[in-house]
Amino acid sequence: MKILVLGATGRVGRQIVEFALKDQLEVTTFVRDPHKLQLDNKNLHIFQGNVLNKKDLEQAMVNVDVVVSALNTDGNDTLSTSISLILEVMEQQKIKRIITIGTAGILQSRVSPTVLRYQSTESKRKSTFAAKEHQYVFEQLRVSNVDWTIVCPTYLPDGSFTGTYRVERNFLPEGGSEISVADTAYFAYQQIFSKEFVKSRVGIAY
């Protein structure tokens, strides 16, 4: 199986790459700066490109089976601007599966289930910019033809890998307040092989 990881130099993306290489999958990482990814593996292919450049995406997605996006907002609109290009190229290349890393803010609120967490009193966040970016991605995926899964972690300390966590479709597990980067990456990686949460958001927390 060949997977393409976008945002591979970020905290979650890098660990997804490491899990995939450990299982001897063929991994292409799509990065702006190859020097940030200090990994050496015969199954690793490093592609330098810009997610806002359609030609770069077309080259990187050749013969890819699954796209994993761990892109974050970086304080700009890269996330919302790139998703339409990513979906367009996936359709061209006939790639059906995409797993993305979102945020717990775009899960449904438990206190006001008709709105998202970041729109309700359940959220303590002061800025809504990142959540709105992730919401746009969710809305684009929801109307697309691909088999998508959005993994939605809450507070993300580095932490260590435990393999023990709670997940819930569309909601953050009750009382959940954090989840490590490693456990988030592991769960997201496992979705490559699972159909359980296709076309779903999944909240993850301890």
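Please refer to the structure placed before this passage.
Heads up: these notes are all about the structure in this document. (Residues numbered from 1 in each chain as written. Predicted model: local features only at pLDDT ≥ 70, side-chain atom pairs only at ≥ 80, totals over all residues. Heavy atoms only, no water.)

Turning our attention to the layout of surface pockets. Taken as a whole, the largest pocket encloses approximately 560 Å³ of empty space. In terms of lining residues, the largest pocket is bounded by 25 residues, among which G102, T103, P153, T154 and L156 are the most central. Tallying contributions element by element places helix 1 (residues 11–22) first for the lining of the largest pocket, with three residues. Residue classes in the lining of the largest pocket are distributed as 10 nonpolar, 10 polar and five charged. The calculated volume of the second largest pocket comes to roughly 370 Å³. (1 Å grid on protein atoms, 1.4 Å probe; cavity = no way out; pocket = protein on both sides within 12 Å on 5 of 7 lines; lining within 4 Å. Points joined across faces, edges and corners; volume = space filled by probe spheres on them. Helix = DSSP H or I, 4+ residues; strand = E, 2+ residues; numbered from the N terminus. Nonpolar A, V, L, I, M, F, W, Y, C, P; charged D, E, K, R; others polar.)

Pairing is mixed across the open sheet formed by eight strands, whose spatial order is 3-2-1-4-5-6-8-7. The open sheet terminates on both sides in strands that have one partner only, identified here as strand 3 (44–48) and strand 7 (166–169). Along the sheet, successive strands turn relative to each other by an average axial angle of 20 degrees, direction set aside. As paired strands, strand 5 (residues 97–101) and strand 6 (residues 147–153) are joined by five bridges and run parallel to one another. Its bridge partner being in strand 6, R97 is matched across the sheet by D147. Against the sheet, helix 4 (residues 129–142) engages strand 5, strand 6 and strand 8 (200–205), with an angle of about 155 degrees to strand 6. (Pairing = 2+ DSSP bridges. Axes fitted to C-alpha atoms, helices over the stretch in contact; angles between N-to-C directions. Contact = heavy atoms within 4.5 Å.)

Right, let's talk about unusual backbone geometry for a bit. A negative phi angle is the norm for most residues apart from glycine, just as the trans form is the norm for most peptide bonds. Even without a glycine there, the phi angle at K94 is positive, about 60 degrees. Its identity is not glycine, yet K199 carries a phi of approximately 60 degrees, on the positive side. Take K199: it is sitting in the loop between helix 5 (181–190) and strand 8. Residue K199 is classed as partly exposed on the basis of its relative accessible area of 43%. (Buried < 20%, exposed > 50% of the residue type's maximum accessible area, 1.4 Å probe, protein only.)

Turning next to empty space enclosed by the protein. Scanning all chains against the criterion turns up one cavity of 30 Å³ or more. Lining the largest cavity are 14 residues, with S69, L79, T100, I101 and V137 sitting closest to its centre. Where the lining of the largest cavity is concerned, the elements lending two or more residues are helix 3 (78–92), strand 5 and helix 4. Among the elements that take part in the lining of the largest cavity, helix 3 stands out by supplying four residues, more than any other. Within the lining of the largest cavity, the residues separate by chemical class into nine nonpolar, five polar and no charged.

All chains considered together, the criterion is met by six salt bridges. A salt bridge links E88 to K54; the nearest nitrogen and oxygen atoms lie 2.6 Å apart. Here K54 lies in helix 2 (residues 54–60) and E88 lies in helix 3, a separation of 34 residues in the sequence. With a relative accessible area of 36%, E88 lands in the partly exposed category. For K54, a relative accessible area of 25% translates into the label partly exposed. Between R110 and E168 there is a salt bridge, with its nearest N and O atoms 2.6 Å apart. Note that R110 is positioned in the loop between strand 5 and helix 4 and E168 in strand 7, a separation of 58 residues in sequence. When its relative accessible area of 27% is taken as the criterion, E168 is described as partly exposed. (Salt bridge = Lys/Arg side-chain N within 4 Å of Asp/Glu carboxyl O.)

Honestly, it's all geometry; don't read function into it.
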